Structures are given as structure tokens and as C-alpha cells.
Amino acid sequence: MTSLVTAFALATGPAVPVTLTATVETPAVYDDEAGGNADADDPAVWVDPENPERSIVIGTLKEAGLDVYGLDGRRLQHIAAPEAPNEDASPGRFNNVDVVYGFELGGRKTDLALVSDRGRDRIRAYAIDPAAVAAGKPPLKDVTAPDVAPVFAANEAEVDDQRTSYGLTAFKDDDDAYVVVSQREETSLRLLQLKDRDGRVGYKTEDTLDLPDTFTLPDGGKWTPCADPGERPQVEGMAVDQEEHVLYAAQETVGLWRIEIDDEEFEKPKLVDRVREYGTPWTYDAEEEECVLDTENDPGFGGEHLSADAEGVTVYHAEDGAGYVLASSQGDDTFAVYDREGGNAYLGSFAVADGDATDGVQHSDGSTVVNVPLGTAFPKGMLVTHDGEATPADGDREGTNFKFTRWDAVAGAFPEPLKVDTESFDPRDAD
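In short, a report on the structure. The structure presented is a predicted model; accordingly, all values stated were derived computationally and were not measured.

Right, let's talk about the environment of arginine 276 for a bit. Within the fold, arginine 276 resides in the loop between strand S23 (270-274) and strand S24 (282-285). With residues up to four places along the chain from it excluded, the contact list for arginine 276 reads Asp298, Gly302, Gly303, Glu304, His305, Leu306, Ser307, Ser329 and Asp332. A polar contact of 2.5 Å, which involves the side chain of arginine 276, links it to the side chain of serine 307.

Next comes the structure, spelled out in C-alpha cells:
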């Protein structure tokens, strides 16, 4: 079993999650034939350098590709996922998205939206055109190198087995740009460096880290997280502290990891917090094809702040290393907040509830936070969250979308308000 360092976050925040409301939502999308098999999942924000009020939100829709939204929630562009290369192959399926600024591409500094294509096991790159944003035209253009190789699969046959690219986060280190990608149904994380390939974006592997799939419990027993046969506990939600180059990764049925990245290598992982279900015995119901937790015999080794699955992770940067790490506690529809400094102490949790303008957030996958002002609607920054249960429903159709929430609403909901710092960190100049 892999050797680990464990540093569980101390419980210092309010015992009951605080509640707040979103102010904007995107149109609901539907995962059926009429809806183009669209299933919202993960968002990213691009900050406009000239007019922050024109900033855009980019959201993945899995098999349906990408949508681009204005800060009013209006759809500005739709990009389809790649079609299957042949009738026996899997089509593109866009899982996670992130943004890097100022990548040197074809001799020009170019802002990129980077997407994990789970269906084809590639990283897709889209140039973001500020002039198109200003003109109200579709701003994203595919600039992926035509010969990019699968991230995890050794060949196309392995791609079709779908142990492929899953979660994704991106960061800059001086003039270099990187993405960290997780593998579906496995514990692997891969660090890729982006490369300019004749004016298109390619990548090369720098390092790989395998998180554990079996754990030694405090009583000396061994525990493997609940999973379907042949699957291992995967990671999806991830974010990099852009100043410290620390990766936070949510292993869905385990908890939140902290992993430093130094000299293009992953350092030893530390488990910051565990899901409540950590250590609970389970059996597999073959007829229902699902795991069944034996909660009556829970030994009590789990955490107190995350209910499986642990999902979307994002980092709020403030002055001198201050700020927060946010993680989606999908099992109870809340978000846990940890201190960015020191041992990542737990500070409290919040839920996005039903409000006058939008419904609440349930089963959230991806999230992202921006500290800088984004115009009159979001003058103190913004939190974007996936909503896995957009309401009201359209008959029997289950909808998903994204919710936009003022960061000062999040910060002010806590008994001891969180920091609101709009000046100490510039996401466009994170180095």
C-alpha cells in the first residue's frame, strides 16, 4: 500500500452549514435525445482584460460539448464534442474545463480554455478571442494539434475501454503552462506540459502519480472504498493554488488531497480531510449493480465535513497566502470551506438554497471562484457552481445547469465572515 502523509483538517467552523442564494443561472440542459444528450458538469471563468463585465463562463456538457455564457447567464456559443472517428469508437465527451492566460501560441500570447475529452482521451484546447467577446461574436476556436495522443490509453482500443481522461485543472509556471488530468475509474493523476505545435496546442507528459486505493484504518484493518467491480476510487474535482503550485484533488469516495507540485513533479500526497463514509464496510449488490454501505457497522473513522462523493474543488486566493479551498460535498448538497494556509483547517460549510432569482444547488460536480470584480452584477467576485438538479423540471426530463453567486454573499453568510479581497490576486497574472 502506498505510503502517505495524513493531515486531517481541524473542525473549527460552524456546525450547521450556512445558506445563501445565487443571483444568475444558465438555461437548463437535458440529457436526452431532444436535448442533445447535454449534461452540465464543470465551469471555468475567463476574465476580460478590458471590461470585466464582459467576462465569460465556459461550461462542459459532457457528450453535448461546451456552452459559453455571459455573466447574465445567456448562452453565447455552443461547441459540439468531436464525433466518433468510426462506428465502433466512442464520441467525444467533455468532462472538465479550465482556463490559462497568455500561453505563447504561434508567436502570440493567447488565452486558452482547456478541456478533458473523456470520450477520446485527449486534451482539447480552445483559443479565447477578446475581440470576438467585445463584438458579441462566438469567442472560442479549436486550436488543438491534430496529432495529440491519448493521455492515458496506449492505443485507440484502450480509448474505447473508457479508462480515459476525466478531471482537469490548469496552471502557469512563468511562461510554461500545465494541466493535471485524472483518469476515469482509476487513481492516476498525470501532469502534462502544454506545447506549441506549429500554432496549435499539444502536450507532453511530465509526471504521473497513483493515489492509493486501499487504506490502513486506525484499528489496523485494511479498507478499500466502495466501487463497482474492476473500478478504483477515482478523482474528478481538482484545483491548483496558482501562487503556491499546490494541487487539491477530491478522490470521490476517500476525501480531499493536498499535493505539492515542484520542478514538474508531484510530491508526496497528504489527505486533508476524509469523507464521512471513509472506513465503512460495504457489499456489492450484483442484481442492483450498486454498492451497499453497512452503516450500522460504521467504525467511525470518517470525516465530518464531506459526504461522498467529494467533488468540485476551487481555490480563492487572497493576500499573503490567505484564502480558501472549497470542495463540493455532493452527498449532502453542501460545500466545505478550508483555510488555504497552514494545515488547511476546516472553517465551515455552506449551501446554495432556493431564492427569488434561482433555485438551489444539488449534487454539485464542478465549481470555480474568481476574486476580482466582474462588473455591477458581481462587484466582489463570483462563485460558479454546477447544479445537478435544475428546477422546475420539464415534465419527466431532468435538467442541469450552472449557478452564479456573488462571492460577498458567500463570505457574508458565515458568522465570522470570510475574506473579500479583490486586489491582492490577479487570475490573469497568477505568477
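So much for the structure itself; the text now carries on.
Together, Glu244, Glu260, Asp262, Asp263, Glu265 and Glu267 make up a negatively charged patch on the protein surface. Along the chain, glutamate 265 falls in strand S22 (residues 265-266). Overall, glutamate 265 belongs to the partly exposed group, its relative accessible area being 44%.

On inspection of all chains with the given rule, the structure shows one disulfide. The side chain of cysteine 226 participates in a disulfide bridge whose partner is cysteine 291; the two sulfur atoms lie 2.4 Å from each other. Placement of cysteine 226 in the loop between strand S18 (222-223) and strand S19 (235-241) and of cysteine 291 in strand S25 (residues 290-293) is noted, with a sequence separation of 65 residues between them.

Attention now moves to the packing of aromatic side chains. Per the stated rule, a full pass over the model turns up 13 aromatic pairs. When the centroid spacing of 6.1 Å and the interplanar angle of 40 degrees are considered together, the rings of phenylalanine 215 and tryptophan 223 count as tilted. Each member of the pair phenylalanine 215 and tryptophan 223 is classed as buried. Consider the rings of phenylalanine 350 and phenylalanine 414, whose centres lie 6.4 Å apart with planes at 75 degrees: the pair is edge-to-face. Of this pair, phenylalanine 350 sits in strand S29 (residues 346-353) while phenylalanine 414 sits in the segment after helix H3 (407-412), and the two are 64 residues apart along the sequence. Like phenylalanine 350, the residue phenylalanine 414 is buried in the burial classification. Residue placement shows arginine 274 over the ring face of tyrosine 278; its charged tip is 6.0 Å from the ring centre. Positioned above the aromatic ring of tyrosine 30 is the side chain of arginine 397, whose terminal nitrogen or guanidinium carbon lies 4.0 Å from the ring centre.

Basis of the calculations
- Numbers given to residues run from 1 along each chain, matching the order in which its sequence is written.
- This being a predicted model, a pLDDT of at least 70 is required before a residue's local features are given, and a value of 80 or more before pairs of side-chain atoms are given or counted; all residues contribute to the totals for chains, interfaces and linings.
- Note: side-chain values were computed over all heavy atoms of the structure, leaving out hydrogens and water.
- Each helix corresponds to a stretch of at least 4 residues labelled H or I by DSSP, and each strand to a stretch of at least 2 residues labelled E; elements are numbered beginning at the N terminus.
- Throughout, a residue-residue contact means that at least one pair of heavy atoms, one from each residue, lies within 4.5 Å.
- Counting of polar contacts relies on pairs of N or O atoms within 3.5 Å, with two restrictions inside protein: one atom must be capable of donating a hydrogen and the other of accepting it, and residues adjacent in sequence are counted only when both atoms are side-chain atoms.
- Distance thresholds for patches are 9 Å for like charges and 5 Å for nonpolar side chains (Val, Leu, Ile, Met, Phe, Trp, Tyr), applied to residues having over 30% relative accessible area and no salt bridge.
- In these tables, accessible area is a Shrake-Rupley quantity obtained with a 1.4 Å probe, and a residue counts as shielded only by the protein chains included in the view.
- Just to be clear on terms, a salt bridge is a Lys or Arg side-chain nitrogen sitting within 4 Å of an Asp or Glu carboxyl oxygen.
- Positive residues here are Lys and Arg, negative ones are Asp and Glu, while His and the chain termini are left out of the count.
- The atom standing in for a charge is NZ when the residue is Lys, CZ when it is Arg, CG when it is Asp and CD when it is Glu.
- Burial here depends on accessible area, computed with a 1.4 Å probe over protein chains only, as a share of the maximum for the residue type. Under 20% is buried, over 50% is exposed, and the range in between is partly exposed.
- Disulfide assignment relies on a single distance test, namely cysteine sulfur atoms paired within 2.5 Å.
- Only rings of Phe, Tyr and Trp enter the pairing, Trp through its six-membered ring, and a pair is recorded when the two centres are within 6.5 Å. The plane angle decides the type: under 30 degrees is stacked, over 60 is edge-to-face, the rest tilted.
- Lysine NZ or arginine CZ positioned within 6 Å of the ring centre and within 35 degrees of the ring normal marks a charge as sitting over the ring.

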